[in-house]
Amino acid sequence: MKKALVMLLLLVWFLPATVYAEFTVGGTNGWTLSTDGMVNLFAINTSGDDRPANVNNGITLADGEDSFRIRSGFLPGILGFNISGPEINGLLMKARVGFYPNPQNANTKNSFSTQIDLREVFFTVDGTFGQVLVGKTLSLFQGQNALTGMTLMGTGINAAAAGGTTLGNIGYGYIYPQYNAQVRYTTPTRSGFKAAIGMYDPSIIRTDGGPEATTTKTPRVEAEIDWQGLLGDVTLHTWVSGLYQEAEFETTGDTVTAEGVAGGVQIGFAGAELVLSGFDGSGLGSTLMLDTDSLDPTGEERDSQGGIAQLSYTWNATKFGVAYGANTMDETDTEKAIRQGGGVAELEAQRMLTFGVYHDINDHLKLVAEYSQAANEWFDDQDQNVDIISLGTFFLW
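Computed from a predicted model, the values in this text were never measured in an experiment.

Caption draft 1: Inspection of the overall build of the protein at higher detail. Along its length, the protein carries three helices and 20 strands. The dimensions of the protein, computed from C-alpha atoms along their principal axes, are 70 × 55 × 50 Å. Among the 397 residues that make up the protein, the fraction classed as buried is 46%. Taking the contacts inside the protein whose residues are at least 6 apart along the sequence as the reference set, 65% of them involve residues at least 24 apart. A total accessible area of about 18,400 Å² is found for the protein, and carbon and sulfur atoms account for 60% of it. With 22 positive and 45 negative side-chain charges, the protein shows a spacing of 8 Å between the two charge centroids.

Caption draft 2: Representation of the layout of surface pockets within the structure. In this model, the largest pocket occupies a volume close to 890 Å³. Around the largest pocket, the lining comprises 40 residues; the ones closest to its centre are Glu120, Thr137, Leu138, Leu147 and Arg184.

Caption draft 3: Molecular detail of the nonpolar core. In this structure, Ile157 and Tyr172 are the most contacted members of the largest nonpolar core, which totals 29 residues. Those elements that provide at least two residues to this core are β2 (32–48), β18 (347–362), β19 (365–378) and β20 (383–396). Core analysis: the second largest hydrophobic core is formed by 15 residues, Ile205, Ala247, Ala258 and Ala262 among them.

Caption draft 4: Spatial organisation of a negative patch on the surface. Taken together, the side chains of Asp49, Asp50, Asp63, Glu65, Asp66, Glu348, Asp381, Asp383 and Asp387 make up a negatively charged region of the molecular surface. Relative to the elements of secondary structure, Glu65 occurs in the loop between β2 and β3 (67–71). Under the relative-accessibility criterion, Glu65 is labelled exposed at 55%.

Caption draft 5: View of the pattern of salt bridges. Scanning the model with the defined rule gives 13 salt bridges in all. Between Arg96 and Asp36 there is a salt bridge, with the nearest N and O atoms lying 2.8 Å from each other. With Arg96 in strand β5 (residues 92–101) and Asp36 in strand β2, this pair connects stretches of sequence that are 60 residues apart. Put simply, Asp293, Arg302, Glu335 and Glu346 are held in one network by salt bridges that share partners.

Caption draft 6: Up close: a nonpolar patch on the surface. On the surface, a nonpolar cluster with roughly 900 Å² of combined accessible area is contributed by Val25, Trp31, Leu33, Leu79, Phe81, Ile83, Val97, Phe99, Ile116, Leu118 and Val121. Elements with a minimum of two residues in the nonpolar patch: β4 (78–84), β5 and β6 (116–127). Within the secondary structure, Val121 is located in strand β6. By relative accessible area, which is 38% here, Val121 ends up partly exposed.

Caption draft 7: Up close: the pairing of strand β9 (residues 193–200). Strand direction decides the pairing type here: strand β8 (residues 179–186) and β9, joined by five bridges, are antiparallel. Bridging from a neighbouring strand, Tyr185 pairs with Ile197 of β9. Taken together, β8 and the strand that follows it, β9, pair antiparallel across an intervening segment of six residues, in which Ser191 is found at a positive phi of about 55°. Here eight bridges tie β9 to strand β12 (residues 220–231), and the two strands are oriented antiparallel to one another. By the bridge assignment for β12, Ala195 is matched with Ile225.

Caption draft 8: Highlighting unusual backbone geometry. The phi dihedral of Gln178 is positive, around 70°, even though this residue is not glycine. Here Gln178 lies in the loop between α2 (143–147) and β8. In this structure, Ala270 takes a positive phi of about 50° despite not being glycine. Inspection of the secondary structure assignment puts Ala270 in the loop between β14 (255–269) and β15 (272–282). Exposure remark for Ala270: the relative accessible area of 57% places this residue in the exposed category.

Caption draft 9: Seen up close, the packing of aromatic side chains. By the definition in use, this model includes four aromatic pairs. Considering the side-chain rings of Phe193 and Trp227, the 6.0 Å spacing of their centres and the 45° angle between planes classify their relative orientation as tilted. Within this pair, whereas Phe193 is found in strand β9, its partner Trp227 is found in strand β12, the two being separated by 34 residues in sequence. Overall, the relative accessible area of 45% leaves Phe193 in the partly exposed class. On the basis of an interplanar angle of 35° and a centroid distance of 5.5 Å, the ring pair of Phe395 and Trp397 is categorised as tilted. Over the aromatic face of Tyr358 sits the side chain of Lys319, whose NZ or CZ is 5.3 Å from the ring centroid.

Here is what the cut-offs are and how they apply
Residues numbered from 1 in each chain as written. Predicted model: local features only at pLDDT ≥ 70, side-chain atom pairs only at ≥ 80, totals over all residues. Heavy atoms only, no water. Helix = DSSP H or I, 4+ residues; strand = E, 2+ residues; numbered from the N terminus. Buried < 20%, exposed > 50% of the residue type's maximum accessible area, 1.4 Å probe, protein only. Contact = heavy atoms within 4.5 Å. Areas by Shrake-Rupley, 256 points an atom, 1.4 Å probe, with all protein chains shown as cover. Lys, Arg positive; Asp, Glu negative; His and termini not counted. Charge placed at Lys NZ, Arg CZ, Asp CG, Glu CD. 1 Å grid on protein atoms, 1.4 Å probe; cavity = no way out; pocket = protein on both sides within 12 Å on 5 of 7 lines; lining within 4 Å. Points joined across faces, edges and corners; volume = space filled by probe spheres on them. Core = buried A, V, L, I, M, F, W, Y, C linked by side-chain atoms within 4.5 Å. Patch = residues over 30% accessible without salt bridge, like charges linked within 9 Å, V, L, I, M, F, W, Y side chains within 5 Å. Salt bridge = Lys/Arg side-chain N within 4 Å of Asp/Glu carboxyl O. Pairing = 2+ DSSP bridges. Phe/Tyr/Trp six-rings, centres within 6.5 Å; stacked < 30°, edge-to-face > 60°. Lys NZ or Arg CZ within 6 Å of the ring centre and 35° of its normal.

What follows is the structure, given as structure tokens:
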């Protein structure tokens, strides 16, 4: 793998970059149909320690065995269809349906295990008032944290043998925002500022094998304030987002609350880019948001926080980057008593350091090499470490 990495870097360094046109299918009478998407594939080698005994939660990493897969990276394949209508009475209407298939099977020869994920089904209405979005797409809370992460176009954590994607920095710098049904309003952009607020299909708030607050009587609310601009030759992008939702236990009627705040800043100058992002909240969980490990055994909300520090430099169509991300959990009194009484220890932290090289042969063809060192830590001082090496390619349109 190390020899292959060196040969790949030498090859892509001298390949020229070329610009191509976008792909529009056609249209008539002011209507247009276009498509965008991509196909990617990675060779991934993972090796690490055994998962400790008597611990709970945390992403299952290599579990003491070397493994090799040929599979998608953090992003699956994408086939998006975009429809735009003519402007009518000052309103511009668009719609998008996005299919997100994975190229690999679930670590089997059986070709029927491939997943097709319908992540986006929405329409927008734009006017002088701003934009209204109706349907399913990426959520606001921690959405920018995920989209600005370096491993978005790589692999990051390779945790599952199933047919889904790798995890990037999910659980190792942010909690996955998910694609959710929503009605969202976004203001017009004024001096680089815009704000958005959305009403979302609520989620149960639970812990695997533990308490479940399954009654949802009100929608989840998410919001974001975003600013982008220039300060001389420096490009700046900063954002703050938030989430609030309640759910009740069906048997007792008691209420639990999930709430959080996230934000970040992206600074670019002369090919260099610095990204700092983070979050803090309660009842959110460690990795997948709300419905996995958000409560302790008594139904108390668990506190979590995390962030990413990332630095990259782009030269001759090649980006070199390094990123460090981590999520941490606070131990509740109940969890501490269980651990001290000989029971399972809960997850304390998930950390990852990633080095990446991302080369654009042209606007539509990309080559990627990543190396990540990840670690899971529990409150009983046990840990698990893993090394991940990946080489991959993208075709985008």
